[in-house]
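# Remarks on the overall topology
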Amino acid sequence: MITGVALIIQTVRSYYRKMSSGSFDRYPDMEGHTHFVSKNLTPEIYNKLKDLKTKSGYTIDKCIQGGIDNPNFSVGATGGDEETYTLFGDLMYGIIEGRHVGFKRTDIHKSDMDSSKLIGGDLDPNYVLSSRVRTGRSIRGYSLSPFITRAERRDVQDILLKALSNLEGPLKGKFYSLETMTPQDQQQLIDDHFLFEKPTDTFMTDTGMARDWPDARGIYHNDDKNFLVWINEEDHSRIISMQKGGNIKQVFERFCAGINQVEKLMAEQGGNEFMFNEHIGYVLTCPSNLGTGLRGGVHVKIPKLSEHPKFDEILKNCRLQKRGTGGETTTSTDGTFDISNWDRVGKTEVELVQLVIDGVELLIKMEKRLEKGESIDDILPGPDGACPRPKAPGKALDIKAIHDYKWRATPKASNFPKLHKHHNLLAKVLTEKLYNDLKGKETKSGVTLDDCIQTGVDNLGEAGAEPVGVSAGDEECFSMLSALFDPVIAAAGGKAGSHVSSLDGSKLGSTDLDKDLVGDCQISAGRNIRGFRLSPSIDRAERRNVEKIVSDAAASLDGSLKGKYQSLKNMSDADKNRPIMFQKVSCPHLLSAGVRRDWPDARGAFTNDGSDFAVWANEVDHARVVARGQSLSAVFAKFSEGLTKFDAAVKKAGKELMCTDRLGNLGPRLDYLGTSLQASVSVKMPKVCGHDKVKEILAGLQLRKEVGKDGGEVISNKCTLGSTEVDQVKCLVSGVQHLCKIEKALASGKGADDLISQAVSGKV
């Protein structure tokens, strides 16, 4: 049921998504989202904050991007730097108050690291397998992980390593770089359960925390292996104290000593300090980890209690949370749980660890009763917790700041990406000199060199199948960054010059292919509209405007092309799964480039009544005109008619397509310029596709192989720049005809060495 207030908010948000003038704004569509951003971000707050930037350049749109892309993630926002929490306070304080149960913006965070104040703390080792206390710390003056530069990240590592290398006594140890560690060290860290790996969690990847992996990441641990520091995972540092058994008091003592020593050494060695704020305490990337940032926990065996119908209520009243022993997103399968404090801010470190001690003691007491078949009703905790205690006074953080919270450090390290292990065209072309020549440039719409190369830095590629590693954020990139773009385009097989086009199907010749080996065919071409950024950099308002232009142009098509436009958001599963439709972008190169942001906002497709022609809106290109069927010549005729009419409709509406005489049709992918045509056929060629020379065969034939929507193999043309649409379809036909010969020869057992040699050499 929708309440009156909720209905008003929903109506207001709908208005802001499309204004009466017909233009669109950037306010995100959060219908169906459950995170704290969706509960706190109103159009009024968004419009107040949308044009603000922190001193490092972080914006409210970057702050909330993870939540927009992950509707059910609990918080939905990330800090990009220390200033995020003040400049965007109208949103962030609401999130903090919601996540930390009433901690208001007027409250003052208290701290207490005196482990002698703990009561108890040596938990029953028959039930508690291990104990751990951890927190995060961020270094003032540097951006946080969603927005940190390579140079900043390297500086952060250097600052922490300098301090850690000077630890003495039981904290003395060794650092292991994720970049350079040996296989033996890696295996030992895995065996010790110390190693953190590249994040695959979509919230971390969508917010940019995994960029440049594994550059400047690593693990420090002491000789006793009970004190660890993770460097540049989610936060600048993750400081962990742990040991086997239930003596969490010892763990906390070591934890406090380690943090204090690292902080002292940082200040003495370079005048560095941790980010802190009298209101929210220590500043970290996720608003859920502010304040103490502390999570004290144990792995405890409570199989009987975990089956009790009030188990979750017991944990809630004790201010505890549960997860599986394998990490944040895991569950228990044998009654062993990772039990830890729920709160981070509003209580002191001592209070939080005491809550864990009291709560786990109660859980063990309950487990013992249940083992004996006894009731636990008389010891069920109320809202005041397992063992109500007077609120600890604590004290405000009494730290003399070296710098103001807006102070920005000047990185000493280089920002040049490490590409020596990469197999992509970016690594072949980009030198440090070229990087330095281009790194300070920015297009009028704000696209930089680092924006364009991030996908190549994040994706290593593989020998023999080298991806491009560069994406374009807008049309100006092609001129501003031509010193990089041009050689990359050439290396991708593009022949820049005078772009030519031919959609005359009569020039195709025979398009007959072996029906036993070749199935459906599809031909498509991308189009992008001048004046709007391309998909890696486009904002929500631009994307919504593009959708309207594309859908209006498609709606004017007539005859056999006539059909209707459907928004992806409102499309049925049956319609989404039609062969003519596109799928949610999953290619890691496109994900790193930012193409999938805000999905499915302003995406959709126009399809004709026969479902053999479509115009996609905002998949990878602004528009992609698609024809599909069984006869390649008939598909090309349908495609040519549709593309010609669509282009004309866009121009009739007063819009221009991004197209130049030298590079043809422009788009985000540098290997799909020129005609931007992709002609493909599904194939059943297990011998060819499984051959150890398949990469060389396809390269020689100027073809590429991909996995189709149904999981089968799809073969398509590789080059799109320097020849016409007719030439490219003819290239596909001749190449696939040759593949059919190879497949049959291999299947007959006669061998196909000569045919393979012809393909590899390109002499077909």
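In case you missed it, the structure is sitting above this.
Heads up: these notes are all about the structure in this document.

Attention shifts here to the side chain of Asn-40. By secondary structure assignment, the location of Asn-40 is in helix α2 (residues 36–40). Setting aside residues up to four positions removed in sequence, Asn-40 forms contacts with Ile-45, Leu-91, Gly-94 and Ile-95.

Further remarks concern the packing of helix α19 (residues 540–555) against helix α22 (residues 632–652). As a packed pair, α19 and α22 sit with axes 9 Å apart at the nearest point and diverge in direction by 120°. Taken as axis vectors, α19 and α22 run oblique relative to one another. Judged by the twist between their axes, the crossing of α19 over α22 is right-handed. Residues Val-550, Ala-553 and Ala-554 of α19 touch α22, and the partners they reach there are Phe-646, Ala-649 and Val-650. A per-class count over the contact of α19 with α22 returns 6 nonpolar, no polar and no charged.

So, about the sheet that holds strand β15 (residues 604–608). Strands sit in the order β14-β15-β16-β17-β13-β20-β22-β21 across an open sheet of 8 strands; the sheet is antiparallel. Each end of this open sheet is capped by a strand with a single partner; those strands are β14 (563–567) and β21 (703–707). Direction aside, the axes of adjacent strands within the sheet are offset by 20° on average. Pairing of strand β13 (residues 518–527) with strand β17 (residues 623–629) involves 7 bridges; the strand directions are antiparallel. In the sheet register, Arg-527 faces β17, and the bridge partner there is Ala-623. Helix-sheet contacts for α19 involve β14, β15, β16 (613–617) and β17, and the interaxial angle to β16 is about 165°. Where helix α25 (residues 725–748) meets the sheet, its contacts fall on β13, β20 (677–683), β21 and β22 (713–717), and the angle it forms with β20 comes to roughly 20°.

Moving on, we come to the packing of aromatic side chains. The final tally for this structure, using the stated rule, is 12 aromatic pairs. Aromatic pair Tyr-27 and Tyr-46: ring centres 5.7 Å apart, planes at 80°, arrangement edge-to-face. Of this pair, Tyr-27 sits in the loop between α1 (4–17) and α2 while Tyr-46 sits in helix α3 (residues 43–49), and the two are 19 residues apart along the sequence. Residue Tyr-46 is classed as buried on the basis of its relative accessible area, which comes to 0%. Joined through ring pairs, the aromatic side chains of Phe-196, Trp-213 and Trp-230 make up one cluster.

Turning to empty space enclosed by the protein, a few remarks are in order. By the definition in use, this model includes 4 cavities of 30 Å³ or more. Size it by volume and the largest cavity reaches roughly 70 Å³. Looking at the lining of the largest cavity residue by residue, the class counts come to 4 nonpolar, 2 polar and 6 charged. In this structure, the second largest cavity occupies an estimated 60 Å³ of space. Forming the boundary of the second largest cavity are Ile-489, Ala-492, Gly-493, Gly-494, Leu-670, Asp-671, Lys-718, Cys-719, Thr-720 and Leu-721. In the lining of the second largest cavity, the residues fall into 5 nonpolar, 3 polar and 2 charged.

Moving on, we get to the sheet that holds strand β3 (residues 173–177). A sheet is described by the order of its strands in space; here 8 strands give the open sequence β3-β4-β5-β6-β2-β9-β11-β10, paired in antiparallel fashion. Of all strands in the sheet, those with a lone pairing partner are β3 and β10 (320–323), marking the two edges. Taking each pair of neighbouring strands and ignoring which way they run, the sheet shows an average axis angle of 20°. Sheet topology note: the strand β5 (residues 227–231)/strand β6 (residues 237–244) ladder contains 5 bridges and is antiparallel. Counterpart to Val-229 in the pairing with β6 is Ile-239.

Put simply, Trp-213 and Pro-214 share a cis peptide bond, and its omega is 5°. Along the chain, Pro-214 falls in the loop between α9 (202–206) and β4 (218–222). Residues Trp-599 and Pro-600 are joined by a peptide bond in cis, for which omega reads 5°. Of note in the backbone geometry, Lys-225 takes a positive phi value of approximately 60° without being a glycine. Mapped onto the elements of the fold, Lys-225 is located in the loop between β4 and β5. We classify Lys-225 as partly exposed; its relative accessible area is 32%. The phi angle at Asn-618 is positive, at roughly 60°, despite the residue not being glycine. Mapped onto the secondary structure, Asn-618 falls in the loop between β16 and β17.

Mapped onto the elements, Pro-28 comes out in the loop between α1 and α2. Residues Pro-28 and Ala-216 lie 188 residues apart in sequence; the distance between their C-alpha atoms is 34 Å. Among residues more than four places away in sequence, those in contact with Pro-28 are Leu-41, Tyr-46, Ile-64, Ile-68, Arg-540 and Arg-544.

Our next topic: the pattern of salt bridges. Here the structure, examined in full by the defined rule, presents 50 salt bridges. Note that Arg-530 and Glu-475 form a salt bridge whose closest N and O atoms lie 2.7 Å from each other. Residue Arg-530 is found in the loop between β13 and α19, and its partner Glu-475 is found in the loop between α16 (449–458) and α17 (477–480); the two are separated by 55 residues along the sequence. For Arg-530, a relative accessible area of 28% puts it in the partly exposed group. Residues participating in the shared-partner salt-bridge network are Arg-26, Asp-51, Asp-61, Arg-540, Arg-543 and Asp-598.

Parameters at a glance
- Along each chain, residues carry numbers from 1 onward, in the same order as the chain's sequence is written.
- The predicted origin of the model limits local features to residues at a pLDDT of at least 70 and limits the giving and counting of side-chain atom pairs to 80 or more, whereas totals for whole chains, interfaces and linings rest on all residues.
- Note that water and hydrogens are dropped before the side-chain values are worked out from all heavy atoms of the structure.
- Runs of H or I in DSSP of at least four residues are treated as helices and runs of E of at least two as strands, each being numbered from the N terminus.
- By the convention used here, residues are in contact when the closest approach between their heavy atoms is within 4.5 Å.
- Axes here mean lines fitted to C-alpha atoms, for a helix over just the part in contact, with angles spanning 0 to 180 degrees between N-to-C directions.
- Orientation is classified from the angle alone, with under 35 degrees giving roughly parallel, over 145 giving roughly antiparallel, 65 to 115 giving roughly perpendicular, and any other angle giving oblique.
- If you view the pair so one helix is near and one far, a crossing is left-handed when the near helix is turned anticlockwise from the far one by less than a right angle, and right-handed when it is turned clockwise.
- Polarity classes work like this: nonpolar for Ala, Val, Leu, Ile, Met, Phe, Trp, Tyr, Cys and Pro, charged for Asp, Glu, Lys and Arg, and polar for all others, with Gly in that last group.
- Each pair of strands is called paired provided DSSP finds at least two bridges between the two strands.
- Only rings of Phe, Tyr and Trp enter the pairing, Trp through its six-membered ring, and a pair is recorded when the two centres are within 6.5 Å. The plane angle decides the type: under 30 degrees is stacked, over 60 is edge-to-face, the rest tilted.
- Throughout, exposure labels follow a simple rule: accessible area from a 1.4 Å probe, protein chains only, divided by the maximum for the residue type, with under 20% read as buried, over 50% as exposed, and the rest as partly exposed.
- With a 1 Å grid spanning the protein atoms alone, the term cavity applies to any set of points in which a 1.4 Å probe fits but cannot get out, the term pocket to an open set with protein on both sides within 12 Å along at least five of seven lines, and the term lining residue to any residue with an atom within 4 Å of a point.
- Grid points are joined across faces, edges and corners, and a volume is the space filled by probe spheres set on the points.
- Just to be clear on terms, a salt bridge is a Lys or Arg side-chain nitrogen sitting within 4 Å of an Asp or Glu carboxyl oxygen.

The quantities given are spatial measurements derived from coordinates; they are silent on function.
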